[in-house]
Amino acid sequence: MTDPHAGRAPLDAAALRSAVVRPGGLWRTVQVTDVTGSTNADLLVRADAGEPEGAVLAAEEQRAGRGRLGRTWTSPPRAALTFSVLLRPATVPRARLGWLPLLAGVAVAAGVRAVAAVDAQLKWPNDVLVGPAKLAGILAEASGDAVVIGIGVNVSTEPAELPPPGPGALPATSLRIEQAPADRPRLLAGILAGLEARYRAWSAVLGDPERSGVRAEYTSLCATIGRRVRVELPGGRLLDGVAADLDADGRLLISVPPEADLPVAAGDIVHLR
């Protein structure tokens, strides 16, 4: 039988280290594992053991990958980029840490645009879309002063390999489906470079979204702001309104006249026509 994964080259950890690890840079280590449960879970264990920021862990296959709101992220071996990074934004006030996953979303969308020439956009808080379909997802998890950010990007996944969307979830797509096949190492290096530049600029101004430029860049890429949405809030409450803007902490402001705009920190967002 023909191996469906035979044409999918493995990531070369040594080449990746050469591309992204440099003196004075953010990224200290880059590791690639064939298979793991979750790169986020693995890095959280290392964070709790005291590992400093700057670790990158990629997996060719995740068997227990996690998404937002308890969803799972699955992909055939070597068909996606699935990786996590360990950060310790010690100088940033906790109230501004909500910008960190949004900043990561900007880095992913910008990297996809630059490397694959695809019109990637963001769905609040940090799903990366191509049209109405989801190309990439991001999950940030904190432990103490550490934040681990997990990123999954569908690269060469074929339509039959994508899982059907669950209740309330977006349909999935990949760069191959969008006729924009991308080199996984080049895309990973591009995302990491963009994440480093934005994270350092944001940290240098104590997480200020205006002075760092992250707010302006996020809103320019966000397909949610300005459109009518339905929000499923924790506890099952539904809210319909217009996604008007982001507040100072990165929360989505929902306009429901005549009431004041309602800030949403967590919830499932559905774009309405």
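The structure under discussion appears in the preceding block.
Residues numbered from 1 in each chain as written. Predicted model: local features only at pLDDT ≥ 70, side-chain atom pairs only at ≥ 80, totals over all residues. Heavy atoms only, no water.

What follows covers the sheet that holds strand 12 (residues 252-255). The strand order across the open sheet formed by five strands is 13-12-11-10-14, and the pairing between neighbours is antiparallel. Looking along the sheet, the strands with just one partner apiece sit at the ends: strand 13 (262-264) and strand 14 (268-271). For this sheet, the mean inter-axis angle between neighbouring strands, taken without regard to orientation, is 45 degrees. Pairing geometry for strand 10 (residues 228-232) and strand 11 (residues 238-246), over five bridges, is antiparallel. Along strand 11, the bridge assignment pairs Val 231 with Leu 239. (Pairing = 2+ DSSP bridges. Helix = DSSP H or I, 4+ residues; strand = E, 2+ residues; numbered from the N terminus. Axes fitted to C-alpha atoms, helices over the stretch in contact; angles between N-to-C directions.)

Let's shift gears to the environment of Val 205. Residue placement: Val 205 occurs in the loop between helix 4 (184-204) and helix 5 (209-212). Considered as a pair, Val 205 and Thr 91 are 114 residues apart in the sequence and their alpha carbons are 9.0 Å apart. Those residues in contact with Val 205 that sit more than four places away from it in its chain are Arg 96, Arg 211 and Ser 212. (Contact = heavy atoms within 4.5 Å.)

Time to look at the packing of helix 3 (residues 99-116) against helix 6 (residues 214-221). At a closest axis distance of 10 Å, the pairing of helix 3 and helix 6 adopts a crossing angle of 55 degrees. With respect to each other, helix 3 and helix 6 are oriented oblique. The hand of the helix 3/helix 6 crossing is left-handed. In this structure, helix 3 uses Trp 99, Leu 102, Leu 103, Val 106, Ala 109 and Arg 113 to contact helix 6, whose residues at the interface are Val 214, Arg 215, Glu 217, Tyr 218 and Leu 221. (Parallel < 35°, antiparallel > 145°, perpendicular 65-115°, else oblique. Left-handed = near helix turned anticlockwise from the far one by under 90°.)

Attention shifts here to the pairing of strand 5 (residues 80-87). With eight of eight residues buried, strand 5 is to be regarded as a mostly interior element. Where burial is concerned, the two faces of strand 5 agree: the one with Ala 80, Thr 82, Ser 84 and Leu 86 and the one with Leu 81, Phe 83, Val 85 and Leu 87 are both buried. Two strands pair when backbone bridges link them, and strand 5 and strand 9 (residues 146-154) are joined in this way by eight bridges, in the antiparallel orientation. Opposite Ser 84, over in strand 9, you have Gly 150 as the bridge partner. (Buried < 20%, exposed > 50% of the residue type's maximum accessible area, 1.4 Å probe, protein only.)

Here helix 3 is 18 residues long and its end C-alpha atoms lie 25 Å apart, about the 26 Å a rise of 1.5 Å per residue gives. Along helix 3, 15 of the 18 residues are buried, which leaves the element largely enclosed by surrounding structure. At the exit of helix 3 stands Ala 117, carrying a positive phi of roughly 55 degrees. (Expected span 1.5 Å × (residues − 1).)

Any functional reading would require information beyond the geometric quantities listed.
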